[in-house]
Amino acid sequence: MNQRNSHKIAFVGCGRVAQHYLQLMTGTNQIDGLECVGACDLIQEKADAFTSKLGGKSFTDYEQMLSDIKPDLVFVLTPSGDHLDHAEQALKMGIGVVSEKPIGLDPDRARAIARFARDQGLMYGGVFQNRWNPAVRKVKSAMEDGRFGRIVSAAIRLRWCRTQDYYEDGWHGTWAQDGGVVNQQAIHHVDALNWICGPIEAVCAAGAQRANRLEAEDTLVAALKFANGSLGTIEVTTAARPHDFEASLSVVGELGLAQIGGIALNKIDTWFFVNEEAADQTVAANYSEEVPTGYGLGHIPMLRDIVGCLDEGKNEPPISAEDAVAAVDIVHALYSSIEQNSWVSLADKPRAQKLGRKLEEMKNGR
């Protein structure tokens, strides 16, 4: 890795997603301009393993890491319920933050922290790497150019596999630290749908546990109303067996239809527009890519854009905290709809009663 004029970064959390970052930053697509100076995990061996490959010093105490190495930017890769605590701690020490999804479980607190970061001139951003997928950007561009005409409907489907061992780590699938499939996996696809077709105006959802034992849901479906008058659907599950099958997004308009498929919104499956001489047969070839896992390949250009912001001295990240928190609002609306067994409007700022709370607190009415 080129460390000349590089920006010092640190990582908190060395678990599942950290291994993806590790592969990105040590593989053939190394990210120039970033120098890892530290990593922190509650388990010393995990932090040691991470820094042994990427460099820097390993810690088990987050505050000590921040004070000892004083990085320019911290990547928050801890359990979802800890994201806001870890982001706030770094920002209060004058250190910028990029947080993996979801940016937090409490959207009101996330916005308050975002205001603090902005007031202090610090970078605070979120991660939705699918926004960098060529297929996603192609559909986004067609939407912005008005090629679909009046939008009729839009949909996302996620049919992934997570077996029971995934939920046995003490935090995945819990209300206090995670939520279910819509907040842990499908929030990426909810964000893409809202980014391209939104804003989403109202939702009506149902959830279930179909193949896994967890506090939240492994399967969720929902009907949507968009501000532009179109309708939509969400169908997401981690109960597909025996592997990941699909992560798709489709848009139907009066003048055209497009569908992104693959396992990570990575392929153009359908591309057709009325009143054009012919569907562009090169679109699928030019805007589709093969991906090894559901993470896709979007982290690479995302990280390079972050480096570009840092190089230019910009505090505004590619995806701001305010932008990232919009997906959390939708997650809360979906869970609130399930709790109320009714349609809920995003304008009412619905907040789920369970997300971000321990079962003991709910049982005691706190």
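In case you missed it, the structure is sitting above this.
The shown structure was predicted, so the numbers you read here are calculated from the model rather than taken from an experiment.

Thresholds, definitions, all that
Residues numbered from 1 in each chain as written. Predicted model: local features only at pLDDT ≥ 70, side-chain atom pairs only at ≥ 80, totals over all residues. Heavy atoms only, no water. Helix = DSSP H or I, 4+ residues; strand = E, 2+ residues; numbered from the N terminus. Rg over C-alpha atoms; globule rule 2.2 N^0.38 Å. Buried < 20%, exposed > 50% of the residue type's maximum accessible area, 1.4 Å probe, protein only. Contact = heavy atoms within 4.5 Å. Areas by Shrake-Rupley, 256 points an atom, 1.4 Å probe, with all protein chains shown as cover. Core = buried A, V, L, I, M, F, W, Y, C linked by side-chain atoms within 4.5 Å. Pairing = 2+ DSSP bridges. Axes fitted to C-alpha atoms, helices over the stretch in contact; angles between N-to-C directions. Disulfide = S-S within 2.5 Å. Polar contact = N/O pair within 3.5 Å; in protein donor to acceptor, adjacent residues only side chain to side chain. Expected span 1.5 Å × (residues − 1). Arc of directions from axis to C-beta.

Colleague: Which residues make up the overall build of the protein, and what values go with them?
Modeller: Tallying secondary structure elements over the protein gives 12 helices and 14 strands in all. Relative to the 2.2 N^0.38 estimate, which gives 21 Å for 366 residues, the radius of gyration of the protein is 20 Å and therefore close to what a compact globule would have. Projected onto its principal axes, the C-alpha positions of the protein cover 60 × 55 × 45 Å. When burial is assessed residue by residue, the protein has 54% of its 366 residues classed as buried. Counting only contacts in the protein whose residues sit at least 6 apart along the sequence, the fraction spanning at least 24 positions is 67%. Here the protein has roughly 15,800 Å² of accessible surface; of this, 47% comes from carbon and sulfur atoms.

Colleague: Could you give an account of the nonpolar core, naming the residues involved and the relevant values?
Modeller: In terms of nonpolar packing, the biggest core is built from 115 residues, with Phe11, Phe75 and Tyr124 touching the most fellow members. No other element matches the 10 residues that helix H11 (residues 321-340) contributes to this core.

Colleague: Can you tell me about the sheet that holds strand S5 (residues 96-99), naming the residues and giving the values?
Modeller: Here six strands make up an open sheet; going across it, the order is S3-S2-S1-S4-S5-S6 and the pairing parallel. Unpaired on one side and paired on the other, strand S3 (57-59) and strand S6 (124-126) mark the two borders of the sheet. Strand-to-strand, the axes of this sheet are offset by a mean angle of 25 degrees, without reference to chain direction. Here S5 runs beside S6; their pairing, made up of three bridges, is parallel. Among the inter-strand pairings, Val98 is bridged to a residue of S6, identified as Gly125.

Colleague: Lay out the state of the cysteines in plain terms, naming residues and giving numbers.
Modeller: The final tally for this structure, using the stated rule, is zero disulfides. In this structure Cys40 is not part of a disulfide, and its nearest cysteine sulfur, from Cys14, lies 7.3 Å away. Judged by its relative accessible area of 4%, Cys40 is buried. There is no disulfide at Cys197, and the cysteine sulfur nearest it, in Cys204, is 20 Å away. Take Cys197: its relative accessible area is 2%, and that puts it in the buried class.

Colleague: Tell me what's going on with the side chain of Asn212, and back it up with residues and numbers.
Modeller: When you line up the elements, Asn212 lands in the loop between strand S8 (200-208) and strand S9 (219-226). Since its relative accessible area comes to 5%, Asn212 is described here as buried. Polar side-chain contacts of Asn212 include one of 3.2 Å to the backbone oxygen of Arg162. For Asn212, the side chain forms a polar contact with the side chain of Arg241, separated by 2.9 Å.

Colleague: Account for helix H6 (residues 134-144), naming residues and giving values.
Modeller: Restricting attention to buried positions, one finds in H6 the residues Ala135, Val136, Lys138, Val139, Lys140, Ala142 and Met143. Tucked into the core, H6 has its buried residues touching strand S7 (151-159), helix H8 (187-197), strand S11 (246-253), strand S12 (256-261), strand S13 (267-273) and helix H9 (282-287). Gly146 lies just past H6 and shows a positive phi near 75 degrees.

Colleague: Explain helix H5 (residues 107-120) to me, using residue names and the numbers behind them.
Modeller: With 14 residues, H5 extends 20 Å from end C-alpha to end C-alpha; this agrees with the ideal 20 Å at 1.5 Å per step. If you check which residues of H5 are buried, you get Pro107, Ala110, Ile113, Ala114 and Ala117. Down the axis of H5, the sector holding all buried residues measures 120 degrees, keeping them to one side. Projecting away from the buried face of H5 at angles above 90 degrees are the exposed residues Arg115 and Asp119. One side-chain oxygen at the N-terminal end of H5 lies 3.0 Å from the backbone nitrogen of Asp108; it belongs to Asp106. Backbone geometry just downstream of H5 places Gly121 in the positive-phi region, at approximately 70 degrees.

Colleague: Which residues make up the sheet that holds strand S14 (residues 344-345), and what are the values?
Modeller: In a beta sheet, neighbouring strands pair by backbone hydrogen bonds and run either parallel or antiparallel. Strand order in the open sheet formed by eight strands is S13-S12-S11-S7-S10-S9-S8-S14, with mixed pairing between adjacent strands. Bordering the open sheet on either side are S13 and S14, each of which pairs with just one other strand. Both S8 and S9 contribute to a ladder of eight bridges, which runs antiparallel. Pairing of Ala205 across the sheet is with Ala222, part of S9. The strands that H6 touches are S7, S11, S12 and S13; relative to S13, the one it contacts most, it runs at about 20 degrees. Each of S8, S9, strand S10 (231-237) and S14 touches H11; the most contacted strand, S8, lies at about 55 degrees to it.

Colleague: Lay out unusual backbone geometry with the relevant residues and their values.
Modeller: Geometrically, the link from Lys101 to Pro102 is a cis peptide bond, its omega value of -20 degrees lying close to zero. Its place among the elements puts Pro102 in the loop between S5 and H5. Note the cis peptide between Arg241 and Pro242, where omega equals 10 degrees. Position of Pro242 among the secondary structure elements: in the loop between S10 and S11. Its identity is not glycine, yet Leu265 carries a phi of approximately 55 degrees, on the positive side.

Colleague: Can you explain the pairing of S9? Please cite residues and give values.
Modeller: Summarising the sheet, S9 and S10 pair through seven bridges and their orientation is antiparallel. Directly across from Ala222, in S10, lies its bridge partner Ile234. The loop that links S9 with its antiparallel partner S10 comprises four residues; one of these, Gly229, has a positive phi angle of about 95 degrees.

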